[in-house]
Amino acid sequence: MKNLKKTALATVLGTVTLMSASAAMADNHPVKVGLMLPYSGTYTALGEAITNGLKLAIEQNGGQLGGREVEYVELDSEANPSKAPQNMSRLVKGDGVDFVIGPVHSGVAMGMLRVAKQSGAITIIPNAGLEAATNQLCMPNVFRTSFSMWQNSFPMGKVAHDRGHREVVTITWDYAGGKEDVAGFKEAFEAEGGEIVEEILVPFPSTEFQSYLTQIASIAPDAVYTFFAGGGGVSFVRDYAAAGLKESIPLMGSGFLTEGNIAAMDGAGEGVLTTMHYAETLDSEENRAFVSAYEAAFEVTPDTYSVQGYDTGAMLVQALDAVGGNTEDRDALIEALASVELESPRGLMSFSDSHHPIQNVYLREIRDGKHEVVGVAAEQLEVPDDACQM
């Protein structure tokens, strides 16, 4: 019996020694954060904003995660879905990163998720809004700090009905993101008793809108709901105003219609209503401090992409502090990440069982070239995740 006890004790002590040695070795090396974001091409500004926000949050923590220095490995995703599996594998297997942060593009996310499932790499999505990432394709090692298309569009359905609109035309590009966004609005609007009288799909990525605007004018709905983004959003809003529709048929959309591009609209966006999980004018102590720090560091006003990066960094700070900087115990690290609660510039943010952010969605109106917050369109909104099995 004594010999058995000695053997057991020796085994335990040996295990503890090995674990301690492993932790000590990890503590002597920096935490490696892989950034798989677009640093060239159409989405360069988004990749840079996310990166800036993330690094700012970590810099505000002394440049450390869990008491360890941080090494960033930046890889240009090029927003190219076909290269996603290879790029993700390079970060995980070649560079040996502890975390992969990315992507911006939903098509790239699909390729990354395959590698995340095979490798178990802890992956945090700071932008891509495809529903499946935290629903059908959810997994313990994948988190999102951004949104789903549904989460930002669904609240506008009730807003539209509450404002007296009963017949609405929807218009978007004919691709998955646009369709998911419009579906969220339609679900809520019809549940309130409203009617979608026409659903217009524009070939992607066309910005030739004149014939569709003529069609909308002939229908004369109570309002129009749209999803376009980037240059497409600018073109649509400007063409809508130029066609004389804005004054008689209110224009609404999810926040990406006007996010980051108000100045390019040359005043045509004034009065446009959007729903989004952040606005640069949000009146809170956390947001005022964030905007001030971001402007001081980068000489530009932050946007939603900046906040998503910042909250990704803040999430890493909180989780690594909780585990004492130990990145070897993956289960404990994943549990710490899932337990994160942030007093974010966007408001209170926590995570659902599918690792999607539970967050406020705000009703915003463009006034004097800024997104002014009209109110909270949906408080602490959770996304549908019935298909998530983990």
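Residues numbered from 1 in each chain as written. Predicted model: local features only at pLDDT ≥ 70, side-chain atom pairs only at ≥ 80, totals over all residues. Heavy atoms only, no water.

1. Quick word on the domain arrangement of the protein chain
Each domain of the protein chain was delimited in the assignment, giving domain 1 (2–147 + 283–355) and domain 2 (150–276 + 362–381). The distance between the C-alpha centroids of domain 1 and domain 2 comes to 33 Å. For the domain 1 and domain 2 pair, buried surface summed over both sides reaches about 770 Å², with 46% attributable to carbon and sulfur atoms. When residues of domain 1 are sorted by the area they lose upon contact with domain 2, F147, T304 and Y305 head the list and together hold 51% of the total. At the junction of domain 1 with domain 2, the criterion picks out zero salt bridges. In this assembly, domain 1 and domain 2 are joined by four residue pairs in polar contact (both at pLDDT 80 or more). Split by residue class, the side of domain 1 that touches domain 2 holds four nonpolar, four polar and three charged. (Domains from an automatic or database assignment. Buried area = accessible area lost by both parts, 1.4 Å probe. Salt bridge = Lys/Arg side-chain N within 4 Å of Asp/Glu carboxyl O. Polar contact = N/O pair within 3.5 Å; in protein donor to acceptor, adjacent residues only side chain to side chain. Nonpolar A, V, L, I, M, F, W, Y, C, P; charged D, E, K, R; others polar.)

2. A few points about the confidence of the model for the protein chain
For the protein chain, the average pLDDT comes to 93, and 93% of its residues sit at 70 or higher. Long-range and interchain partners of residues 1–25, a stretch whose pLDDT sits below 50, account for one contact in this model, where long-range means more than four residues apart. (pLDDT = per-residue confidence, 0-100. Contact = heavy atoms within 4.5 Å.)

3. As for the state of the cysteines
All told, the structure shown has one disulfide when counted by the stated rule. For C138, the disulfide goes to C388, at an S-S distance of 2.1 Å. Across the S-S bond linking C138 and C388, the dihedral sits near 95 degrees, which makes this disulfide right-handed. Separated by 250 residues along the polypeptide, C138 in the loop between β5 (123–125) and β6 (142–144) and C388 in the segment after β15 (370–381) bring together distant segments of the chain. As far as the burial class goes, C138 and C388 line up, both buried. (Disulfide = S-S within 2.5 Å. Helix = DSSP H or I, 4+ residues; strand = E, 2+ residues; numbered from the N terminus. Buried < 20%, exposed > 50% of the residue type's maximum accessible area, 1.4 Å probe, protein only.)

4. Brief notes about the pattern of salt bridges
Taken as a whole, this structure holds 10 salt bridges when the rule is applied. With a closest N to O distance of 2.9 Å, E259 and R364 form a salt bridge. With E259 in the loop between β10 (251–254) and β11 (273–276) and R364 in strand β14 (residues 357–367), the pair connects residues that are 105 residues apart, well separated along the chain.

5. Some points on the packing of helix α5 (residues 149–162) against helix α6 (residues 176–191)
It is at 7 Å that the axes of α5 and α6 come closest, and there the two elements cross at 35 degrees. As for how α5 packs across α6, the hand of that crossing is right-handed. Counted together, M149, W150, S153, F154, M156, G157, K158, A160 and H161 of α5 and G177, E180, D181, G184, F185, E187, A188 and F189 of α6 form the full contact between these two elements. Across the contact of α5 with α6, the residue classes break down as eight nonpolar, five polar and four charged. (Axes fitted to C-alpha atoms, helices over the stretch in contact; angles between N-to-C directions. Left-handed = near helix turned anticlockwise from the far one by under 90°.)

6. A few points about the side chain of S77
Looking at where S77 falls in the secondary structure, it is placed in the loop between β3 (68–76) and α3 (84–94). Residue classification places S77 among the buried positions, given a relative accessible area of 2%. Residues within four places of S77 in sequence aside, it is in contact with M36, L37, P38 and N87.

7. Considerations on the UniProt feature "domain: Leucine-binding protein" (unreviewed entry) in the protein chain
In the numbering used here, UniProt assigns the "domain: Leucine-binding protein" (unreviewed entry) feature to residues 30–369. The distance from the first to the last C-alpha atom of residues 30–369 is 43 Å, and the span holds 40% helix and 22% strand. (UniProt positions renumbered as here; feature names shortened; annotations may be inferred.)

8. Considering α5
Counting buried positions along α5 gives 11 out of 14 residues, so the element sits mostly inside the fold. M149, W150, Q151, N152, S153, P155, M156, G157, V159, A160 and H161 are the residues of α5 that are buried. Those residues of α5 that are buried are in contact with α6, β9 (223–227), β10, β11, β14 and β15. Directly beyond the C-terminal end of α5, a positive phi value near 95 degrees is found at G164.

9. Considerations on the packing of aromatic side chains
Summed over all chains, the structure comprises 18 aromatic pairs. The interplanar angle of 15 degrees and the centroid separation of 5.4 Å between the aromatic rings of F185 and F189 together place this pair among those described as stacked. Taken together, the residues F185 and F189, both in helix α6 and four residues apart, mark about one turn of the helix. F189 carries the same exposure label as F185, and that label is buried. (Phe/Tyr/Trp six-rings, centres within 6.5 Å; stacked < 30°, edge-to-face > 60°.)

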